[in-house]
Each structure stands twice: as C-alpha cells, then as structure tokens.
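A closer look at the structure
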Amino acid sequence: MSSFAYDVAILGGGGAGLMCAIAAGQRGRRVLVLEGNERVGRKIEISGGGRCNFTNLQASAENYLSENPAFCKSALARYTPWDFVALVEKHGIAYHEKTLGQQFCDGSSRAIIEMLLAECAEAGVEIRTGCRAEEVEKMDAFRVTTSGGVFESKALVVATGGLSFPKLGATDFGFRLAKRFGLRVTPLRPGLVPLTLSVGELKDYGPLSGVSLPVVARDAKGDAEFPESMLFTHRGLSGPAVLQVSSYWREGEEVTFDLLPGVEAADWLEQSRAEKADLATLLARHWPRRLAETWASRNALGVRLAHLRAEDKERLAGMMNRWTIRPAGTEGYAKAEVTLGGVDTAELSSKTMEARRVPGLYFIGEAVDVTGWLGGYNFQWAWASGHAAGSAV
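Report follows, based on the coordinates. Predicted, not measured: the structure shown is a model, and the values here were computed from it. (Residues numbered from 1 in each chain as written. Predicted model: local features only at pLDDT ≥ 70, side-chain atom pairs only at ≥ 80, totals over all residues. Heavy atoms only, no water.)

The interhelical angle for the contact between helix 1 (residues 15-26) and helix 5 (residues 110-122), taken along N-to-C directions, is 25°, at an axis separation of 8 Å. Taken together, the axes of helix 1 and helix 5 lie roughly parallel to each other. Note on packing geometry: the crossing formed by helix 1 with helix 5 is left-handed. Where helix 1 approaches helix 5, its residues Leu18, Ala21, Ile22 and Gln26 are matched on the opposing element by Leu116, Glu119 and Cys120. (Axes fitted to C-alpha atoms, helices over the stretch in contact; angles between N-to-C directions. Helix = DSSP H or I, 4+ residues; strand = E, 2+ residues; numbered from the N terminus. Parallel < 35°, antiparallel > 145°, perpendicular 65-115°, else oblique. Left-handed = near helix turned anticlockwise from the far one by under 90°. Contact = heavy atoms within 4.5 Å.)

Within a sheet, adjacent strands bond to each other through the backbone by hydrogen bonds, running parallel or antiparallel. Pairing is antiparallel across the open sheet formed by seven strands, whose spatial order is 17-16-13-14-15-12-18. The sheet is open, and its two edges are formed by strand 17 (323-325) and strand 18 (329-330), each paired on a single side. Relative to strand 15 (residues 236-238), strand 14 (residues 225-232) runs antiparallel, the two sharing two bridges. Residue pairing across strands places leucine 231 opposite serine 238, the latter belonging to strand 15. Against the sheet, helix 12 (residues 310-321) engages strand 16 (255-258) and strand 17, with an angle of about 100° to strand 16. (Pairing = 2+ DSSP bridges.)

Let us now look at helix 6 (residues 173-180). Turning to helix 6, its buried residues are Phe173, Gly174, Phe175, Leu177 and Ala178. Turning to helix 6, the residues buried within the fold contact strand 1 (6-11), strand 8 (133-138), strand 10 (149-158) and strand 20 (361-363). Positive backbone phi, approximately 80°, marks glycine 182, located one or two places after helix 6. (Buried < 20%, exposed > 50% of the residue type's maximum accessible area, 1.4 Å probe, protein only.)

Running from N to C, helix 1 and helix 13 (residues 377-390) cross one another at 35°; their axes reach a closest spacing of 7 Å. Crossing handedness for the pair helix 1 and helix 13: right-handed. Contacts between helix 1 and helix 13 involve Gly15, Ala16, Met19, Cys20, Ala23 and Ala24 from the first element and Ala382, Trp383, Gly386, His387, Ala389 and Gly390 from the second. Its residues assigned to classes, the contact of helix 1 with helix 13 comprises eight nonpolar, four polar and no charged. (Nonpolar A, V, L, I, M, F, W, Y, C, P; charged D, E, K, R; others polar.)

A few words now on the pairing of strand 2 (residues 31-35). Most of strand 2 is tucked away, with five of its five residues classed as buried. Both faces of strand 2 are covered, namely the face carrying Val31, Val33 and Glu35 and the face carrying Leu32 and Leu34. You can see the chain leave strand 1, run along helix 1 and come back into strand 2, and the turn it takes is right-handed. (Right-handed = clockwise from strand over helix to strand, strands pointing away.)

All right, on to the sheet that holds strand 3 (residues 53-56) then. Reading across the sheet, the three strands line up as 3-6-5 and stay open at both edges, with antiparallel pairing between neighbours. Every other strand in the sheet has two partners, leaving strand 3 and strand 5 (95-97) as the edge strands with one partner each. In this sheet, neighbouring strand axes are inclined to one another by 25° on average, regardless of whether the strands run parallel or antiparallel.

Laid out in structure tokens, this is it:
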C-alpha cells in the first residue's frame, strides 16, 4: 500500500473513467473518480437516442481512425464487446441488436450508468461529482486541485474526453494537461459531425430539410465507404452515412454519394427511355418526390427522358451514382459526436495506456488519438482503454 490518500485518481466520470475505476478497484486499489458535472455519465445518458448504443460486436482496429491504426488492437483484444455484453447480462439489462452489430438497451441508457455505478460501489470506488479539475502537479504524488478540494494520488488517469458536446461540460483540460507534461497532441477536429453546404447549394437543397434516402458515402481518398442513410438539413447534410464519412473529410476536399445504391444509373435510364414520363416522375420511383423534383429542376432537365441527348444522359447517370460535393464545413463540436485526434499514441503504452515519459500518468478514452465509427465503436474503445489502464495502475 502506498502512503498517499489514494492509489489512483481518475479525472472524468464518463464511460472510460468508470470502467478504469472498476478494474482498478477490483484489484484492491484505493480509487477516486473526480467528475466536473453534477452527475457521471452525461454522454452515456444521451447516447443512442437515450437508449445507449453501448458496443458493437464487430469492433476491430479497422473501425478506428488514428495516426497509428494498430495502437488500439491490444486493448480491444483484451476487453472485447462480448466482455461488456456479459457485464450487461450480469445486471439483467435487456438489450437488442439494432443493425450492423450495434447493441442497444431496450429501455433507458440510465441502466448502463446504474450498472457502472453499482460495479464501482462493489469495488469500493469513491466518486466525487461537481469536482472540476483546475490544476495538476507531480511531485512524489500527483496533486490535483479541483473546485471541490485538493487530492493526492500515486497514479493519475486522464479520462476527460474530447471537445464534442460542450453543453455537457466538455473542455480541452485533458489536452492542455498532456501538453504541460510534454506529450504531443495530434491535431483536433470534430468527428461524426453534420456537413454544411455553400450558400449557393443551400438555395436548392435547403428546402429539402427533413428528406432522407439510402446512399453510399465515400471520402475523396477512397479510404472508406458507408452504405447508410443521408438526411438533408437546413444547413447541409446529416444522417449516418454523412456522419461516418465526415471523420475522413478534410477542409477543401470533396465527398461523393451514390444516390442509387445497387442500381447502375446509365442502364436504368436507357431501360426507361421508351417511357413518356418526365425525369422527376421517373426519379420519384427511387427517391422522395421532393428530392426528385428538385434534382430535375436544378439540372434543367424538364424534358422527357426520351428527348435527352446521349451526353446529357451520361452526365445525369454519373451524377446519380457519383454525386460529388465540396462541403463548406461542419457544424462543429456542438453537433459532433466525437473529437478526432488527441494524445499521440506514440506517447503511450498500448498495453497499459501509461505515458512512456511520465510514469504514473495515463490517458484513456476520447482523450487519446483513437476515434471510432458511428455505431457503438467509441463506447467499446472507452471500455477497452479504461479496462487496460485499470488493470495496470
């Protein structure tokens, strides 16, 4: 036993922080969780429309973005989605698979929070809420000054999250702390975020707000493609396909959407040539009527399909299977699900999450440069990275 009041202090009572506390507490460590909000698990609470998409059974390194894509393999292998599902079942929480391996609570996401709190209590973890960290010093111990007092611990785990959802209390404290201890932080930007369109494009597509359709979204480099739904908004584009591809998008780049997934537009147009219907009517067989009419009008194609020139049909078919836009930007951290970037993984041990140059200092969860796809992957990283650190502190 150390002579300090706590063996480990954890900054942040989100998913990663609570999982770390459980793992450490179960090993007999004296654990203190310091949460700046008045209650823990705020992002868990609102996730999945209030039902918490708590993991994804398909989670693997291929579902994460990082400057070092292999970094997350170790933690993910040692605490799998099935490990978390077993914990959920142990507490009798009803759940279901929605799609693509995504696991949701049948009821409220509060069940996951209560489960984590129950595990913390059983492991003897002390949790203090309304305790926002203000300063950290390292002498013989880590000395943490908070809005609720000063605490010392042998080890310090930073689970302060990223910059997304500032209304839930998100700050850059964890990143500033890393830099203060000489650790590199990779460039930060919003991820899993709606994309905005230019003023000119909004004149045509803004009125389509609320219209959605299945698409395949692809980034400019061809690194990823996502066959999910796209939603028009009053500011641009959203929906699962757009949120997914946004994490790969960089300012100035283009994004491409196949608006007729599974249909070769050129062949379909040729087969429909003999019909007397206008283009908007034909498009409405595949798309919502409002989109079909807007598309036909914007492309000045009010004539019947049979009267279109070959080059116009070729251009139209290309646009339908490869609609390419250059987003004006994103809706920022206020609407972003996650923060891309974070503490450089080269600074950390992939096995323990400990800073290589600062013994006793750990970073987990969203604070690290590991960002998952939409669909439970970021929660699985929170559980896995938290468990890795909690098994080592």
